[in-house]
Amino acid sequence: MARLKYDADVAPKPAAWLALDEEEAQWLVRRYHASPRCEHPPAQKPVLHATIHVFVENQVALGNETPVRATLERLMAEGLSRHDAIHAIGFVLARYVYDLMNSTQTEGASGHDRYFDEIRCLTAEAWRRSAAEDAEEMAEWLAQTEDVRDWSTATAEEIVQGLCVPPPHFPREALREAERRKEQIADRLLTLVQDTGRCAREGAIPEGNGHIFAMLLLAEIEDPRAFDVIADLFTLPADLCEEIGGDFVTEDLGRVLASVCGGRIEPLARIIEDRRRWEYVRGAAVSAICVLVQRGHATRDEAVAYLTTLTRERLEREPSAVWGDAANLALDLYADELFDDVRRWIDEELIDPFYMSTEDVNRVEREGLKAALAALERDVHLHPARDIVAATEWWDCYADPEEDDWVPDADDFAPEVDSAPVPLRAIKIGRNDPCPCGSGKKYKKCCLGT
């Protein structure tokens, strides 16, 4: 199955788009808005923003059944980008839904006559004018309602405490100040990670994600002291690792470890070969080797040599995530001398079927070394995170389940209520989960890499 990705400036194929369920479509939209491909500022309410994108794309995909596609094309001819045209239509839709939910009147025979009439009359000039007016209103509202604390005067302790607030509150300004002063507060960040491990061992699981923000910040400055601290944190039992790490372990821990290991494979090998650790932590250390090669800290030959020794001599022969990540590494680096080994691992069921199939190995082998290394170079998910706010604020835990005071504006389009016709909560897919596009492949090896 072809890989499906979303780009608001490129029309998805109607049949493929409509085949998605609403949660899958919304997740793809949110992932796009969190990626470097999306140039507009983060939405104030990302769940609602993604929901309206899905509504509009659904109507566009229906073709001539509604006037939406024709209006979208006309707005683009009037000078709007496709993304802005979606916003323009979405703003009309948001106003309509908001009025409908707060009115006792019923619609006409077709159900949505007024909405479609407004869509037909929509122009790029009207959208630009209304967007500018709403931007002024939103700025005034934010000035009245958001935390106006001057974080530039906060102490290191205050900043770190600000990072630890529990969801759904997102510590945006505290995190931005932490990024500006990360070298100055590094000692306190290390202490936060250490304290998290100590508290977890005592049964006190942190409610917030301060320790995760701390690890990402320490990775940004490549603080070598952080390696042992992070490695020690993830010696916790599997259930505690999962509780304090969640999807961070499979999605980000690998590149964090790669940033703080001093560019060497040996510290990662100690984690990989420690059978007492949670299998997904060990797998993350395997993926960190791939990051080292991509960033030029280790050579491909060094990585393949270690992987060969690991899988033939040191790794226990029982099913685990480590075998799956080892197979991924072999394919990512085009370690063709291990391809027959990988096929055996699949036959011996050392690898969960959703990680990889024999056809995956055959495909990489057919495409060749050049294609594999080019794909490795393009994989932005192995790069260090340079904007932690953008990388984390879309997480589902920060989606506010109640928007009682919502007023529609040009950036947040539809209220989240129980009576809504589609699910409004976005899903969060781990790198090692099955891909939501339905390919049957591991997400890391499918749509995540596109």
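Residues numbered from 1 in each chain as written. Predicted model: local features only at pLDDT ≥ 70, side-chain atom pairs only at ≥ 80, totals over all residues. Heavy atoms only, no water.

S.K.: So what's going on with the overall build of the protein chain? Residues and values would help.
M.R.: Broken down by element type, the protein chain carries 22 helices and zero strands. Per-residue burial over the protein chain gives 52% buried out of 450 residues. Nonlocal contacts in the protein chain, meaning residues at least 24 apart in sequence, comprise 73% of its contacts between residues at least 6 apart. On the protein chain, roughly 20,800 Å² of surface is accessible, and the fraction owed to carbon and sulfur atoms is 49%. (Helix = DSSP H or I, 4+ residues; strand = E, 2+ residues; numbered from the N terminus. Buried < 20%, exposed > 50% of the residue type's maximum accessible area, 1.4 Å probe, protein only. Contact = heavy atoms within 4.5 Å. Areas by Shrake-Rupley, 256 points an atom, 1.4 Å probe, with all protein chains shown as cover.)

S.K.: Help me get a handle on unusual backbone geometry, residues and values and all.
M.R.: Leaving glycine aside, a negative phi is the common case for residues, and trans is the common case for peptide bonds. Following Pro167, the chain continues to Pro168 via a peptide bond in cis, the omega torsion being 10 degrees. Mapped onto the elements, Pro168 comes out in the loop between helix H8 (156–163) and helix H9 (172–180). Positive phi is not limited to glycine here, since Tyr334 has a value of about 50 degrees. A positive phi angle, near 60 degrees, is found at Glu349, a position not held by glycine. Its location among the elements puts Glu349 in the loop between helix H20 (339–347) and helix H21 (358–378). Residue Glu349 is classed as exposed on the basis of its relative accessible area of 60%.

S.K.: Before we move on, could you go through helix H3 (residues 46–61) and cite the residues and values that matter?
M.R.: Taking 1.5 Å of rise per residue, 16 residues should cover 22 Å, and H3 covers 22 Å from first to last C-alpha, within 8% of that figure. The element H3 is largely enclosed, with a buried count of 15 among its 16 residues. (Expected span 1.5 Å × (residues − 1).)

S.K.: Please provide a residue-by-residue account of the environment of Ala284, values included.
M.R.: Along the chain, Ala284 turns up in helix H17 (residues 279–294). For Ala284, a relative accessible area of 5% translates into the label buried. The contact partners of Ala284, leaving out residues within four places of it in the chain, are Val249, Leu253 and Gly254.

S.K.: Give me the lowdown on the confidence of the model for the protein chain, citing residues and values where you can.
M.R.: The share of residues in the protein chain with pLDDT of 70 or more is 79%, and the mean pLDDT across the chain is 82. Summarising per-element confidence for the protein chain, the mean pLDDT is lowest in helix H7 (residues 124–145) (61) and highest in helix H16 (residues 266–272) (98). Low confidence marks residues 106–110, where pLDDT is under 50. Its contacts with residues over four positions away, or in another chain, come to six contacts. Scored below 50 in pLDDT, residues 401–431 makes 94 contacts in the model with residues more than four places away or belonging to other chains. (pLDDT = per-residue confidence, 0-100.)

S.K.: Go over the environment of Pro267 with me, naming the residues and quoting the values.
M.R.: Relative to the assigned elements, Pro267 resides in helix H16. A C-alpha to C-alpha distance of 8.4 Å links Pro267 and Phe227, two positions 40 residues apart in sequence. With residues up to four places along the chain from it excluded, the contact list for Pro267 reads Phe227 and Cys261.

S.K.: Break down the pattern of salt bridges for me, with residues and values.
M.R.: Where side chains of opposite charge bring their charged atoms close, a pairing between them can arise. What the rule picks out here adds up to 28 salt bridges. Across the pair Arg82 and Glu57 runs a salt bridge whose closest N-O atoms are separated by 2.8 Å. Residue Arg82 is found in helix H5 (residues 82–101), and its partner Glu57 is found in helix H3; the two are separated by 25 residues along the sequence. Glu57 shares its class with Arg82; the two are buried. A salt bridge links Arg366 to Glu359; the nearest nitrogen and oxygen atoms lie 3.0 Å apart. With a relative accessible area of 41%, Glu359 lands in the partly exposed category. Each of Glu177, Arg180 and Arg181 takes part in a single network of salt bridges with overlapping partners. (Salt bridge = Lys/Arg side-chain N within 4 Å of Asp/Glu carboxyl O.)

S.K.: Give a description of the packing of aromatic side chains that names residues and reports values.
M.R.: This model, assessed by the stated rule, comprises 10 aromatic pairs. On the numbers, 5.6 Å between centres and 85 degrees between planes, the contact of Tyr6 with Tyr32 is edge-to-face. Placement of Tyr6 in the segment before helix H1 (14–19) and of Tyr32 in helix H2 (residues 22–33) is noted, with a sequence separation of 26 residues between them. An aromatic cluster is defined as three or more aromatic residues linked by ring pairs; in this entry it consists of Tyr6, Trp17 and Tyr32. (Phe/Tyr/Trp six-rings, centres within 6.5 Å; stacked < 30°, edge-to-face > 60°.)

S.K.: Could you give an account of the packing of H8 against helix H10 (residues 186–201), with specific residues and numbers?
M.R.: Two packed helices can be described by the angle between their axes and the distance between those axes. One can describe the packing of H8 onto H10 by two numbers: an axis separation of 9 Å at closest approach and a directional angle of 45 degrees. What the angle tells us is that H8 and H10 run oblique. The handedness of the crossing between H8 and H10 comes out as right-handed. Facing H8, whose interface residues are Ala156, Glu157, Val160, Gln161 and Leu163, H10 presents Arg188, Leu189 and Leu192. Here the contact of H8 with H10 is built from residues that sort into five nonpolar, one polar and two charged. (Axes fitted to C-alpha atoms, helices over the stretch in contact; angles between N-to-C directions. Parallel < 35°, antiparallel > 145°, perpendicular 65-115°, else oblique. Left-handed = near helix turned anticlockwise from the far one by under 90°. Nonpolar A, V, L, I, M, F, W, Y, C, P; charged D, E, K, R; others polar.)

S.K.: Give me the lowdown on the packing of helix H4 (residues 68–77) against helix H6 (residues 113–121), citing residues and values where you can.
M.R.: Orientation of H4 relative to H6, taken along the N-to-C sense of each, is 20 degrees, at an axis distance of 9 Å. For the element pair H4 / H6, the angle class is roughly parallel. The handedness of the crossing between H4 and H6 comes out as left-handed. Of the residues in H6, those in contact with Val68, Thr71 and Arg74 of H4 are Tyr115, Ile119 and Arg120. For the contact of H4 with H6, the residue count by class is three nonpolar, one polar and two charged.

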